[in-house]
Amino acid sequence: MTNDKQSWFRGVRSSKFRHVYGVPAKREKCYDNIKITKNAHDSQFCAVNPKFLAVVTEVAGGGAFLVLSLDRTGRLDFNASRVTGHTGPVLDIKWNPFNDNIIASCSDDCTIKLWHIPDGGLARNLTEWLVELQGHKRRVAYIEWHPVAENVLFSAGFDHLVIVWDVNRCEAVSVIDRHPDVIYSISLNRDGSLLATTCKDKKLRVFEPRSGIVVSEGICHAGTKASKVVFLGSSGRLLTTGFSRHSDRQYAIWSQHDLTVPLTCETIDSSSGVVFPFYDNDTNMVFLAGKGDGNIRYYEVVNEAPWMHYLSQFISGNPQRGLGVMPKRGISTSICEVFRFYKLHATRGMCEPISMIVPRKSDQFQEDLYPDTIGTCPALSARDWISGMNSPPILISLKTGGSISTHKPRIYKPPQLPPTTDLNNKKKFAFLSTETIPDYRPVELHDMSEKSQKTSSNQSTKFQQLQQKFGNVAIQVQAKYTFIFYISLIFLNNILHFEIFFFYQKNIISSSLNDNKVMETVDVPNNEAELRLAFARQTDELRLVRRQLANSQLRVKELEDQIRKLQRH
């Protein structure tokens, strides 16, 4: 009797998402005539935000992806502008969650590049990137932005490394070298304090990404095909999809603190395509979409066994090559839309929006369907997060802020020279563009023009300032260096003058400047051979420092292993 009662309860379980259904867009609202890539890599090849849709395309050589304004639906022009800066096929693309105009891409050419897309879209092929990140030794398979900290990017490559990047400084924050084989997927929890990965060695791992320490690990799915992982928000649980030993597709739910045994493991079906999981933190729904089939199953996550309840599925006869997901701030609340996919068709060049809708009769804002969601303001800077700080994401209300689907764009500005340099460059170009009027009279008849008077007074003033500052120290240099010194004063006002001055000061510093009677000769390289010798000496010093750094990193790894062994005992 008890078993009958339990099975009956499972069949009629109450849920406001029980009747969620998928609505594919009409033909005129789709994006047609796109040459979608045929690469066999297990990635989505599609990324979307409230402004743009990006799709990786097929090209004869190099790598490219298409960027379209979201309202540019219908049949696409064959010669539409693309992002074409990579020299190898593009394997993954991701929009910056805090700037809708910045997109990151990784490629077969072992690099990660960041691009700025203007608000109106691309008017021509984009070949100039903002930032190039180089560090992987083999192709870069997956990238992921930090959900809370600004300008922090994660990448996983076929060199078995996960690298954490500070994009603003173009440098690696941490290199995680704990995988013995190819990495299949990466995922971050809601505040970005933990990183989960699946690997070809069939293990699921959870890392502390700043230090690279393994928090927990365990055997994932027994099948040989790729497995994927996603954090279930801030619940402390993870969801993985993979294959059983008999090649059945299955999903499993794990506690992030103990990966030895899953909380539950269920069989989905017997198809062969890799299953990609998508989690919606606002509704606690999980969508499972298989690559190569047209079905999207959706489940509701709960906090007790069996941890996940099957709701329904969206069935389509058109298989999918990849799926992009619209951020929650870009969906339409007026039709009770809770999730939106952008489906890349595997058999024809089309991208089709699919809306997941909760059937409600009222067109008023539904408070229970739309809690506060992640906004466009980062909770931490890259420096704060790297220093060890954690913070929950900053949320916005879809009732008040949902009508504005995009935020004010902030153009990414890489580190630049000080503004004084730009000002002096302008002065230099203004001087060079001034017409020079030759004077063919004898030298004794020349009058001191206003311009030459200013130049000579400027030179004498600067030289007198140097003499007053350093007393009777004599600076003896060759005539050609004195010439460069004066030219710098004429063209660049103060900037190059002080740079050359500091170079001389560095050579004089060994003498006693307080003693007005000391005379010192500057040791300036006299020829190319001496310059080469100085360069070789500095190169040797750099090589020694690098070797010391490598030894210290090796020592740190050895100490970490010893700490781990002691913790086990």
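You'll find the structure just up there.
The numbering scheme is per chain: residues are counted from 1 as the chain's sequence reads. Only residues with pLDDT of at least 70 are given local features in this predicted model, and only at 80 or more are side-chain atom pairs given and counted; all residues enter the totals for whole chains, interfaces and linings. Hydrogens and water molecules were not included; the side-chain quantities draw on all heavy atoms of the structure.

Peer 1: Account for the sheet that holds strand 22 (residues 249-255), with residues named and values stated.
Peer 2: When DSSP finds at least two bridges between two strands, those strands are taken to pair. Here a helix means four or more residues in a row that DSSP labels H or I, a strand means two or more in a row labelled E, and each is numbered from the N terminus. A sheet is described by the order of its strands in space; here 4 strands give the open sequence 20-21-22-23, paired in antiparallel fashion. Every other strand in the sheet has two partners, leaving strand 20 (228-231) and strand 23 (264-269) as the edge strands with one partner each. Between one strand axis and the next, the sheet turns by 20° as a mean value, whatever way the strands run. Relative to strand 23, strand 22 is paired through 5 bridges, and the arrangement is antiparallel. Directly across from Ala 252, in strand 23, lies its bridge partner Cys 265. Note on geometry: axes are C-alpha line fits, over the in-contact stretch for helices, and angles between N-to-C directions span 0 to 180 degrees.

Peer 1: So, the sheet that holds strand 5 (residues 63-69): which residues are in play, and what are the values?
Peer 2: One open sheet accounts for 4 strands, arranged 3-4-5-7; its pairing is antiparallel. Two strands in the sheet have a free side with no partner beyond their single neighbour: strand 3 (46-48) and strand 7 (82-86). Shown here is a sheet whose adjacent strand axes are inclined to one another by a mean of 20°, direction ignored. Pairing between strand 4 (residues 52-57) and strand 5: 6 bridges, direction antiparallel. In the sheet register, Val 56 faces strand 5, and the bridge partner there is Phe 65.

Peer 1: Give a description of unusual backbone geometry that names residues and reports values.
Peer 2: Residue Pro 306 is reached from Ala 305 by a cis peptide bond, and omega for that bond is 5°. Turning to its location among the elements, Pro 306 is positioned in the loop between strand 26 (296-301) and strand 27 (308-314). Positive phi, normally seen in glycine, also occurs at Trp 307, with a value near 75°. Within the secondary structure layout, Trp 307 lies in the loop between strand 26 and strand 27.

Peer 1: Account for the environment of Leu 232, naming residues and giving values.
Peer 2: Position of Leu 232 relative to the elements: it lies in the loop between strand 20 and strand 21 (237-243). Remark: the alpha-carbon pair of Leu 232 and Leu 188, spanning 44 residues in sequence, is separated by 9.6 Å. The contact rule is simple, with two residues in contact once any of their heavy atoms fall within 4.5 Å. Each residue touching Leu 232, except ones within four places of it in the same chain, is listed here: Arg 237, Leu 238, Leu 239, Ile 253, Tyr 279, Val 286 and Val 301.

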